[in-house]
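Chain by chain, the residues:
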Protein chains: 4
Amino acid sequence: MDTRIPFACDYMEGAHPIVMQRLMETNLMKTDVYGADHFSESAKAKIREACEAPDADVWFFVGGTQTNATVIDSLLLPYQGVLSAVTGHISIHEAGAVERGGHRVIMLPQKSGKISAASILKAVETWRCDGNRAHVVMPGMVYISQPTEFGTLYSLRELTEISETCHENGLLLYLDGARLAYAFACEENDVWLPDLARLCDVFYIGGTKCGTLLGEAVVFPKHDLVPNFFSIMKQHGAVLAKGRIVGIQFDTMFTDGLYMKICRPAIEAAKKIRTALTERGYTLAIDSPTNQIFISMTKEQIEALSENVQISYMEEIDETHTMMRICTGWSTTEEDVEKLIALL
Amino acid sequence: MDTRIPFACDYMEGAHPIVMQRLMETNLMKTDVYGADHFSESAKAKIREACEAPDADVWFFVGGTQTNATVIDSLLLPYQGVLSAVTGHISIHEAGAVERGGHRVIMLPQKSGKISAASILKAVETWRCDGNRAHVVMPGMVYISQPTEFGTLYSLRELTEISETCHENGLLLYLDGARLAYAFACEENDVWLPDLARLCDVFYIGGTKCGTLLGEAVVFPKHDLVPNFFSIMKQHGAVLAKGRIVGIQFDTMFTDGLYMKICRPAIEAAKKIRTALTERGYTLAIDSPTNQIFISMTKEQIEALSENVQISYMEEIDETHTMMRICTGWSTTEEDVEKLIALL
Amino acid sequence: MDTRIPFACDYMEGAHPIVMQRLMETNLMKTDVYGADHFSESAKAKIREACEAPDADVWFFVGGTQTNATVIDSLLLPYQGVLSAVTGHISIHEAGAVERGGHRVIMLPQKSGKISAASILKAVETWRCDGNRAHVVMPGMVYISQPTEFGTLYSLRELTEISETCHENGLLLYLDGARLAYAFACEENDVWLPDLARLCDVFYIGGTKCGTLLGEAVVFPKHDLVPNFFSIMKQHGAVLAKGRIVGIQFDTMFTDGLYMKICRPAIEAAKKIRTALTERGYTLAIDSPTNQIFISMTKEQIEALSENVQISYMEEIDETHTMMRICTGWSTTEEDVEKLIALL
Amino acid sequence: MDTRIPFACDYMEGAHPIVMQRLMETNLMKTDVYGADHFSESAKAKIREACEAPDADVWFFVGGTQTNATVIDSLLLPYQGVLSAVTGHISIHEAGAVERGGHRVIMLPQKSGKISAASILKAVETWRCDGNRAHVVMPGMVYISQPTEFGTLYSLRELTEISETCHENGLLLYLDGARLAYAFACEENDVWLPDLARLCDVFYIGGTKCGTLLGEAVVFPKHDLVPNFFSIMKQHGAVLAKGRIVGIQFDTMFTDGLYMKICRPAIEAAKKIRTALTERGYTLAIDSPTNQIFISMTKEQIEALSENVQISYMEEIDETHTMMRICTGWSTTEEDVEKLIALL
């Protein structure tokens, strides 16, 4: 067991105590299966309300890669591809799950993890201008994350532009909210659930990284955008026999606004750490407001800090500098933050 | 909420109290992710030991369909198919998950849910005799369940024959143990984990239906039969970020022999119900020794019993009879059994 | 080289001399590519006219398996399967090409290669009655062949019933006409191109076995039933760079009614051979009116005849009899027929 | 019909007259099917000899996209991707055929259509350095074309470097020779069939663009690198019933060295046109020695030339210039070359 101070990622523990409590209380009740239970129904109703999307279809998945592969597959035609930042999760860390469904990830340039409406438009126009465009993978969807892989946030204005560009060009917009609660806990954020429901064709509200044992909630604001979606989930191996396990957790998350506030300690912790880093002369590699902190470090700095702290390798910056990540989470303790700061 | 006496299936509640207790105790500990945590390592070690298979590779999945699709995909060549009883789970209730991987389910005749070594051999010989057999889906694997979909058990002799037929004909043998703990709790059973490890190329030990919130443990008795299996899981969306959630549960299940005894109450309950049914003149449609009871019922009988009891539809037997299922589980209470019997 | 009298199958030579002549004449002309040439346009217009389907979309493929896989893939939703006789070409001799597209071939019982409206209905109702039908591969399409793999013909009445059953139950009807010209040359036939265009959602007019070097013409009677079908073909590797190679051949086939009469010699030859077989006491295993003759033979008879004649193995009938096939074709010569008859 | 001077591409006509002659002569002979005929056997033997690869497996396909998709699928593990220039044929003009097989095309930077050993190595190292590389598509193969999409040639030294880099890093090397005969007709070329057989794991000798009606010959220098390759072809819809149609054409192509010299007129024509272009002040956008000529043209120039000549759009260079292509072929006449030059 690694006993160093844990800042490696934001899914190293179980669930938020309130969530665990609720799982415990309901444990021996017998309910309907495959997500038809009343806990899941209640959770879906609360999510619809939070999204101000009364007709939305809500579906519960276990994890992010499964969610992305299934949602993308369910909406694209076979010869269509999905546009994503080269740094997007589907572009890198899903082992080809999107391709397994037969779809290309069409990679767009990024800036601090974000893509622009302009780069989406350019990709569409490149396809349109090709005299043999019927031979070319057709852009069918845009995939973005909020926060991005680099912890940055799309502003409401940026998201609106992207949404408009998508819809003017026949593209669907899908937003991966694996860490959405970290955005909601962040004062820089101005994009809320009703905005997502209004601007996206589909998005998911992350659970795994935001306080549940596991689970993600997919929201299709428009009812029946994908008919028989349950069968698509089943064929992807994404239907949980005891669907309530995710339902109960999301029901708890959307009770008393827990989801909206659960990540505040993580954001506070990140702020403190960023301040300490800057004060001690470290260079932040990315200007991100959420729970992920990206630092340009020398080999010596990495070795020194790694002795006592779990941090993550991101990529080489230049011959002498490497981008490393410190990641806080909803369960990060003040004690660990203090210990870390003392070591910087 | 359905308040009738719950005999609809064996995954209507949460986890065994000891399992929940362990999840609670470990909840806020921070561990490594994606199944590299020490709980998962411990669980794997215990499973290897229980299987007397020290070199086995053990992998944790979330649910059965996902497990079947991934394991089958990982072992078959693209043009190979998997032989299964027409009543097998992959033959019916997985929405084409195996086909999604490009593989045919080659359906074999069954008797009470079981297939025979002879029918496997016949399928292979039909393929071999085809002058154009390079144009025919090649049999590559045999899929069976223990217990079967009809609650029956392969005897050690039957399983040995099937295993020998497979290996003499270049077929891999895969056993789906979604309800394996029900077999182990059954006095008729003479097939144990070391037998499975000896006779099968791969099998899974079911958790979801046998006392966990979710989770199945795949065992490849021979190390590295499938290199890079983790990447295959990831591409199938089957890697859990918080892998420990399944690891902790299986670690508990394989502590103090819990997995071997957890289903005894279910088997006792089923026995009592079967006796009562026979005494009251019902006809058992299948002679199954485990927790699933199949009854030939008239429309009137079904309506009467359904008023107070959740039972499941299986299939039409003839114009006046339907096969219905009563299913007990590890959490079935004596009280509910008594209530049910009083209603028969 | 096998110098025995060639009755092994109906695609052992090149193309009909008129077709070859036309390929020769047009050889050095330069035209547009990927099927946008005027020869292909002309062929499509003639096919539309012959089908009395002025709005039909017509597409040229190279071979049957490619055609079946692409057409089926283009019309089914991911979780849907295609119903086919257990003896259908897609059920046996396509090495899992349909499954490669993610779809199950749902196998129906057959009689002399044909399926019935009743068996289609039964399959649909089995799916509908399953309480968990969202977990079951959904029937989406019916696949039949005219003539069937056993050389038999659906009557107009039978085809009409099948078509009605399909459309009343939300199924598409696809007819594989690999040997369609053999039906058209047969006096028993009462199903013509306009009938197919009226009753089927899609069908193909076989070229490879009916007089071309290669090529099949897919007809969607309703325009744009599948948008962007060209891209689907391309993704399946089914677009021919020199599309005209198939276009010119079909243009020739549909000039002066060649396609309707090209197989008459094959049918005449088959009739003569059947008569001779019956006279000499052989048992016909299937009562088929087209160019394929199925005979129940003893091992000794097979050995004797095979010495001088190429015939094909079909399947075992019983311990002493095997079903063998004699196959005539449009290029079968009277001389070879006489030689064969002399050897019976 | 487009009556302008045809320089749009190199597959606008039928086959070389000698090839057509041979198809005509053999047309009514009856042979074995699915490529088991003696013409195909003879063609394969001649190709093995030309490659100095006596153990090579040779397979005939119909077209390029089908070939690429099948070969790549046959060699990659599910979670592996294929490295290709961003301008590679599989990267752009195959409508996602590689992705349909579940594989990512990992795009590398290019220079005049070529990739370097260094960029391959960099891609492998990026994968290797990722701490979560089991979550990343694994590089499994390198795909290059000779000539490239921009008509350029890899030198023997460059190809040797690429081959060594591949094999030192566990990558297979696949070379797409759709226009290989244009390389062989080019005096700048120093890579011959035995070099390809020595340096590549698999490559294909293009027919469609090099003098046949259709057809490509895949060469695996090492016997049985992919067992049961025929079944993989069949499952991809890539087996031709009348396999001889391709076999006869390649047999002719490899008789009297036809394949090695067939494209000389195309290279001569391209040289003349390039000289004329340069003399008249046009800018060549790419320095390519084969039959494809890439010119940087203004809108006015394009309009003027397009009135009388078929040329192809490639891509925008800057706000005022566009890259256009003039393409000669084995059948290009001196007369058309003179006419074109007169119009420049």
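Colleague: When you look at the overall build of chain A in this model, what are you seeing that I'm missing?
Modeller: Helices and strands together make up the secondary structure of chain A, namely 15 helices and 13 strands. Taking 2.2 N^0.38 as the reference for a compact globule, 344 residues should give roughly 20 Å; the C-alpha atoms of chain A span a radius of gyration of 20 Å, in line with that estimate. Buried positions account for 66% of the 344 residues belonging to chain A. When the accessible surface of chain A is totalled, it reaches about 12,200 Å², and 51% of it is carbon and sulfur. With 30 positive and 45 negative side-chain charges, chain A shows a spacing of 3 Å between the two charge centroids.

Colleague: Would you mind going over a negative patch on the surface with me for this structure?
Modeller: Residues and elements named next belong to chain A. A surface patch of like charges, here negative, comprises Glu315, Glu316, Asp318 and Glu319. One can find Glu319 in the loop between strand S12 (312–316) and strand S13 (321–327). According to the relative accessible area criterion, Glu319 is exposed, its value standing at 85%.

Colleague: Sorry, what's going on with the relation of the copies chain D and chain B here?
Modeller: Between the two copies of the chain lies a relationship made up of a rotation around an axis and a movement along it. Overlay of chain D on chain B (RMSD 0.0 Å): rotation 180 degrees, translation along the axis 0.0 Å. Put plainly, the chains are arranged around a two-fold axis. Here 100% of the contact residues of chain D are again contact residues in chain B; the copies associate through an equivalent surface.

Colleague: Sorry, what's going on with the packing of aromatic side chains here?
Modeller: Each aromatic ring pair is specified by the distance between its two centres and by the angle formed by the two planes. Considering all chains together, one arrives at 44 aromatic pairs over all chains under this definition. Between Phe60 of chain B and Phe250 of chain B, the aromatic rings sit 5.4 Å apart at their centres with planes inclined by 20 degrees, giving stacked as the arrangement. With a gap of 190 residues between them, Phe60 of chain B in strand S2 (residues 57–61) and Phe250 of chain B in helix H11 (residues 244–253) connect regions that are remote in the sequence. Look at Phe250 of chain B and you get buried, because its relative accessible area is 0%. Ring pairs connect the aromatic residues Trp59, Phe61, Phe220, Phe229 and Phe230 of chain A, which therefore count as one cluster.

Colleague: What is the right way to read the interface of chain B and chain A from this model?
Modeller: Residue-level contacts link 49 residues of chain B with 49 residues of chain A. Taking both sides of the interface into account, the surface hidden between chain B and chain A amounts to around 4,600 Å²; carbon and sulfur atoms contribute 61%. Counting every contact that joins chain B to chain A gives six salt bridges. Measuring nitrogen to oxygen at the nearest pair gives 3.8 Å for the salt bridge that ties Glu13 of chain B to Lys242 of chain A.

Colleague: When you look at the interface of chain D and chain B in this model, what are you seeing that I'm missing?
Modeller: Think of interface size as the accessible area that goes away when the parts come together; that is how it is often given. Listed as interface residues are 15 residues of chain D and, on the opposing side, 15 residues of chain B. Taking both sides of the interface into account, the surface hidden between chain D and chain B amounts to around 1,400 Å²; carbon and sulfur atoms contribute 57%. When the area that chain D buries against chain B is broken down by residue, the three leading residues are Tyr79, His135 and Gln235 of chain D, summing to 39%. Across the contact surface, chain D and chain B share zero salt bridges. Between the two partners, chain D and chain B, sit six residue pairs in polar contact (both at pLDDT 80 or more). The dominant element in the side of chain D that touches chain B, judged by the number of residues it contributes, is helix H10 (residues 229–235) of chain D, at five residues. Of the residues contributing to the side of chain D that touches chain B, the split by class is eight nonpolar, six polar and one charged.

Colleague: Please clarify how the relation of the copies chain B and chain A should be interpreted in this entry.
Modeller: Superposition record for chain B on chain A: RMSD 0.0 Å, screw rotation 180 degrees, translation along axis 0.0 Å. A symmetric contact is evident, with 100% of the interface residues of chain B recurring at the interface of chain A.

Colleague: Is there a simple way to explain the pattern of salt bridges in this structure?
Modeller: A side chain of one charge can pair with a side chain of the opposite charge if their charged atoms are brought near each other. Throughout the structure, instances matching the rule amount to 60 salt bridges over all chains. Notably, a salt bridge pairs Arg179 of chain B with Asp10 of chain B, separated by 2.6 Å at the nearest N-O pair. Of this pair, Arg179 of chain B sits in the loop between strand S6 (172–177) and helix H8 (180–184) while Asp10 of chain B sits in the loop between strand S1 (5–6) and helix H1 (17–25), and the two are 169 residues apart along the sequence. No difference in accessibility class separates Arg179 of chain B from Asp10 of chain B, as the two residues are buried. Between Glu99 of chain C and Arg104 of chain B there is a salt bridge; the shortest N-O distance is 2.6 Å.

Colleague: Before we go on, may I ask you to explain the sheet that holds strand S9 (residues 283–284) of chain B in this structure?
Modeller: Two strands in a sheet stick together by hydrogen bonds in their backbones, pointing the same way (parallel) or opposite ways (antiparallel). Residue and element names in this part refer to chain B. Ordered in space as S9-S10-S13-S12, the four strands form an open sheet in which the pairing is antiparallel. Edge strands, defined here as strands with exactly one partner in the open sheet, are S9 and strand S12 (312–316). Here two bridges tie S9 to strand S10 (residues 292–298), and the two strands are oriented antiparallel to one another. Bridge pairing in S10 links Thr283 to Ser296.

Colleague: Explanation requested: the environment of Tyr143 of chain D in the structure shown.
Modeller: Residues and elements named next belong to chain D. Its place among the elements puts Tyr143 in strand S5 (residues 138–145). The buried category is assigned to Tyr143, whose relative accessible area is 1%. Counting along the chain gives eleven residues from Tyr143 to Tyr154, while the straight-line C-alpha distance between them is 13 Å. With residues up to four places along the chain from it excluded, the contact list for Tyr143 reads Asn68, Val82, Leu83, Ser84, Gly88, His89, Ile90, Ile115, Tyr174 and Asp176. Of note is the side chain of Tyr143, whose polar atom sits 3.4 Å from the side chain of Ser145.

Colleague: I would appreciate a short explanation of the environment of Val219 of chain D in the present structure.
Modeller: Residue and element names in this part refer to chain D. Topologically, Val219 is positioned in strand S8 (residues 216–220). Separated by 163 residues in the primary sequence, Val219 and Ala56 place their C-alpha atoms 6.4 Å from one another. Once you skip the residues sitting within four places of it in the chain, Val219 turns out to touch Ile47, Cys51, Ala56, Asp57, Val58, Asp201, Val202, Phe203 and Ile205.

Colleague: Would you explain helix H7 (residues 156–168) of chain B in this entry?
Modeller: Along an α-helix, residues three or four apart share an orientation, since each turn contains 3.6 residues. Residues and elements named next belong to chain B. The end-to-end C-alpha separation of H7 is 18 Å, in line with the 18 Å expected for 13 residues at 1.5 Å each. Of all the residues in H7, the buried ones are Leu159, Ile162, Ser163, Thr165 and Cys166. Taken around the axis of H7, the buried residues stretch over an arc of 165 degrees, which confines them to a single face. For H7, the exposed residues set more than 90 degrees away from the buried face come down to Arg157 and Glu168.

Colleague: When you look at unusual backbone geometry in this model, what are you seeing that I'm missing?
Modeller: Residues other than glycine predominantly adopt negative phi, and peptide bonds predominantly adopt the trans conformation. Residue Gln146 of chain A is joined to Pro147 of chain A through a cis peptide bond whose omega torsion reads -10 degrees. Residue position: Pro147 of chain A is located in the loop between strand S5 (138–145) and helix H7 (156–168). For Asp256 of chain C, which is not glycine, the phi dihedral falls at a positive 55 degrees. Checked against the element boundaries, Asp256 of chain C lands in the loop between helix H11 (244–253) and helix H12 (258–261). Even without glycine at this site, Asp224 of chain D takes up a positive phi of about 60 degrees. With respect to the helices, strands and loops of the structure, Asp224 of chain D is situated in the loop between S8 and H10.

Colleague: Where do I start with the environment of Glu216 of chain D in this structure?
Modeller: Among the secondary structure elements, Glu216 of chain D is positioned in strand S8. At 2.5 Å, the side chain of Glu216 of chain D and the side chain of Thr208 of chain D are in polar contact.

Colleague: Can you help me understand the pairing of S6 of chain B in this one?
Modeller: Remark: a regular strand shows side chains that alternate across the two faces of the sheet. Residue and element names in this part refer to chain B. Where burial is concerned, most of S6 is hidden: five out of the six residues are buried. Of the strand pairs in this sheet, strand S5 (residues 138–145) and S6 are connected by five bridges, and their pairing is parallel. Bridged to Ser145 within S6 is Asp176. A crossover connection joins S5 to the parallel S6 through H7; in handedness this β-α-β unit is right-handed. Across four bridges, S6 lies against strand S7 (residues 202–206) in parallel orientation. Bridge pairing in S7 places Gly177 opposite Ile205.

Colleague: Help me understand the side chain of Thr208 of chain C in this model?
Modeller: Position of Thr208 of chain C among the secondary structure elements: in the loop between strand S7 (202–206) and strand S8 (216–220). Taking the relative accessible area as the measure of exposure, Thr208 of chain C reaches 7% and is therefore buried. Those residues in contact with Thr208 of chain C, other than ones at most four positions away along the chain, are Tyr11, Val62, Leu214, Gly215 and Glu216 of chain C together with Ala241 and Lys242 of chain D.

Colleague: What exactly am I supposed to notice about H1 of chain B here?
Modeller: Those residues of H1 of chain B that sit buried are Val19, Met20 and Leu23 of chain B. What you see down the axis of H1 of chain B is that its buried residues fit within an arc of 95 degrees, all on one side. Residues of H1 of chain B that are buried in the fold lie against helix H1 (17–25) of chain A together with H11 of chain B.

Colleague: I'm lost on the side chain of Thr290 of chain C in this one. Help?
Modeller: Take Thr290 of chain C: it is sitting in the loop between strand S9 (283–284) and strand S10 (292–298). If near-sequence neighbours (up to four positions away) are discounted, Thr290 of chain C is found in contact with Pro147, Gly151, Leu153, Tyr182, Ala183, Cys186, Ile267, Ala270 and Arg274 of chain C.

What counts and what doesn't
Residues numbered from 1 in each chain as written. Chains lettered and ligands numbered in written order. Predicted model: local features only at pLDDT ≥ 70, side-chain atom pairs only at ≥ 80, totals over all residues. Heavy atoms only, no water. Helix = DSSP H or I, 4+ residues; strand = E, 2+ residues; numbered from the N terminus. Rg over C-alpha atoms; globule rule 2.2 N^0.38 Å. Buried < 20%, exposed > 50% of the residue type's maximum accessible area, 1.4 Å probe, protein only. Areas by Shrake-Rupley, 256 points an atom, 1.4 Å probe, with all protein chains shown as cover. Lys, Arg positive; Asp, Glu negative; His and termini not counted. Charge placed at Lys NZ, Arg CZ, Asp CG, Glu CD. Patch = residues over 30% accessible without salt bridge, like charges linked within 9 Å, V, L, I, M, F, W, Y side chains within 5 Å. Salt bridge = Lys/Arg side-chain N within 4 Å of Asp/Glu carboxyl O. Least-squares fit on C-alpha atoms with pLDDT ≥ 70 in both. Contact = heavy atoms within 4.5 Å. Phe/Tyr/Trp six-rings, centres within 6.5 Å; stacked < 30°, edge-to-face > 60°. Buried area = accessible area lost by both parts, 1.4 Å probe. Polar contact = N/O pair within 3.5 Å; in protein donor to acceptor, adjacent residues only side chain to side chain. Nonpolar A, V, L, I, M, F, W, Y, C, P; charged D, E, K, R; others polar. Pairing = 2+ DSSP bridges. Expected span 1.5 Å × (residues − 1). Arc of directions from axis to C-beta. Right-handed = clockwise from strand over helix to strand, strands pointing away.

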